[in-house]
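Residue-level listing of the chains:
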Amino acid sequence: MTLWIPITLAAAFFQTLRFMLQRQLSLGTLSAGGATLARFMYSAPLVAVLITSYLLATRQTVPPVPAHFWIYGAVGGLAQILATVCVVLLFKARNFAVGITFKKTEVMQSVIVGWVVLGDAATVWALAAIALGLFGVLLLSAPPDLKSARWRDMANRAVGLGLASGVLFAVSGVSYRGATLSLGLDDPLARAGLTLAAVTAMQTVAMIFWLRWRDPGQVRAVWAARRVAIWVGLMSMAGSFCWFTAYTLQSAGYVNAVGQVELIFSALVSVVIFREAITLREWIGMGVLLASILGLVLVI
């Protein structure tokens, strides 16, 4: 099996655990911004220590860092912050599995973003898979108490948050791949670790300054919730390291496509852990969207 595939499966598993913990924090004393800060604040120091130890153990040095590394990292970091906030807010509007499914539209949206921004070719079959995915989003978009889904039901806050998170995660994935590849190192673990350390440090500082300005009580609340929040940081560190490593080995589109296994993990968490009811229409909608994503995997 190609190495990037099991690494991506591990990334999806850790990410599901992290979102599960962030959902718990967001339903308690933390706002969406506070739950997002917990992800970065408790992982950044650990990443810095681990990558330093790894470089010393393997006798590697930090290579010259080009300017576009910081541009890629800053764009990816900001997109990831905004995407995480959208997902945490979405958890308050819909159940866990549906929230993660909306987030996973990043694979379809990455094709569209790549086509518009980078001029990447999109085949007829890829567009057909995207169209099938839009039908799945329609099934998921209406509130659970509606017996049928209509196009006008897509114009609601949950759909907006879900689609926004998908496109932002797509942007962050492409940006992180650009950052890792800009480093002059042959070791993919070193490239991934250095990129992750730089990005999480920038994200932590940015979130602390933002919350100190807009919602200062949340910084103290994140520290007060450290017994749970530190696990968010640990899961975030493990998941992000796996994502970054996979991005150094394979294109973001393929990595994100295999990462759709997170849909299965999230459905299990929603039913087994949170005891949430998933309607038949939501199951069908997730199934259609998953079929769309798998179809897209076969044609990209």
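Above: the structure in question.
Everything numeric in this text was worked out from a predicted model, so none of it was measured. (Residues numbered from 1 in each chain as written. Predicted model: local features only at pLDDT ≥ 70, side-chain atom pairs only at ≥ 80, totals over all residues. Heavy atoms only, no water.)

K.L.:
Teacher, can you tell me more about the packing of helix α3 (residues 44-57) against helix α9 (residues 188-214) here?
P.N.:
Pairs of packed helices are described in terms of their axes, by the angle between the two and the distance that separates them. Closest axis-to-axis distance for the α3/α9 pair is 9 Å, and the angle between their directions is 150°. Judged by the inter-axis angle, α3 sits roughly antiparallel to α9. Pair α3 / α9 crosses with left-handed handedness. Note on element contacts: α9 touches α3 through Leu-189, Ala-190, Gly-193, Leu-194, Leu-196, Ala-197, Thr-200, Ala-201 and Thr-204, opposite Ala-44, Val-47, Ile-51, Tyr-54 and Leu-55. Here the contact of α3 with α9 is built from residues that sort into 11 nonpolar, three polar and no charged. (Axes fitted to C-alpha atoms, helices over the stretch in contact; angles between N-to-C directions. Helix = DSSP H or I, 4+ residues; strand = E, 2+ residues; numbered from the N terminus. Parallel < 35°, antiparallel > 145°, perpendicular 65-115°, else oblique. Left-handed = near helix turned anticlockwise from the far one by under 90°. Contact = heavy atoms within 4.5 Å. Nonpolar A, V, L, I, M, F, W, Y, C, P; charged D, E, K, R; others polar.)

K.L.:
What am I meant to see in the packing of aromatic side chains here?
P.N.:
Centre-to-centre distance and the angle between the planes together describe a pair of aromatic rings. Going through the model one piece at a time under the given rule, you end up with four aromatic pairs. Seen from their ring centres, Tyr-176 and Phe-244 are 4.5 Å apart, and the 35° between their planes marks the pair as tilted. With Tyr-176 in helix α8 (residues 157-181) and Phe-244 in helix α11 (residues 226-249), this residue pair connects regions lying 68 residues apart in the sequence. Taking the relative accessible area as the measure of exposure, Phe-244 reaches 2% and is therefore buried. Each ring, one from Trp-210 and one from Trp-213, has its centre 5.4 Å from the other, and the planes form 80°; the classification is edge-to-face. Placement of both Trp-210 and Trp-213 in helix α9 is noted, with a separation of three residues, approximately one turn of the helix. Under the relative-accessibility criterion, Trp-213 is labelled exposed at 60%. Residue placement shows Arg-226 over the ring face of Trp-223; its charged tip is 4.4 Å from the ring centre. (Phe/Tyr/Trp six-rings, centres within 6.5 Å; stacked < 30°, edge-to-face > 60°. Buried < 20%, exposed > 50% of the residue type's maximum accessible area, 1.4 Å probe, protein only. Lys NZ or Arg CZ within 6 Å of the ring centre and 35° of its normal.)

K.L.:
Just checking my understanding: could you explain a nonpolar patch on the surface for this structure?
P.N.:
On the surface, Ile-264, Leu-268, Val-271, Val-272, Ile-273, Leu-280, Trp-283 and Ile-284 cluster together to form a nonpolar patch covering roughly 770 Å² of accessible area. The element contributing the most residues to the nonpolar patch is helix α13 (residues 262-273), with five residues. Note on placement: Val-271 falls in helix α13. (Patch = residues over 30% accessible without salt bridge, like charges linked within 9 Å, V, L, I, M, F, W, Y side chains within 5 Å. Areas by Shrake-Rupley, 256 points an atom, 1.4 Å probe, with all protein chains shown as cover. Salt bridge = Lys/Arg side-chain N within 4 Å of Asp/Glu carboxyl O.)

K.L.:
Whenever I open this one, the side chain of Thr-8 confuses me. Can you help?
P.N.:
Checked against the element boundaries, Thr-8 lands in helix α1 (residues 4-26). Contacts of Thr-8, omitting those with residues within four sequence positions, involve Trp-243, Ala-246, Val-255, Val-258 and Gly-259.

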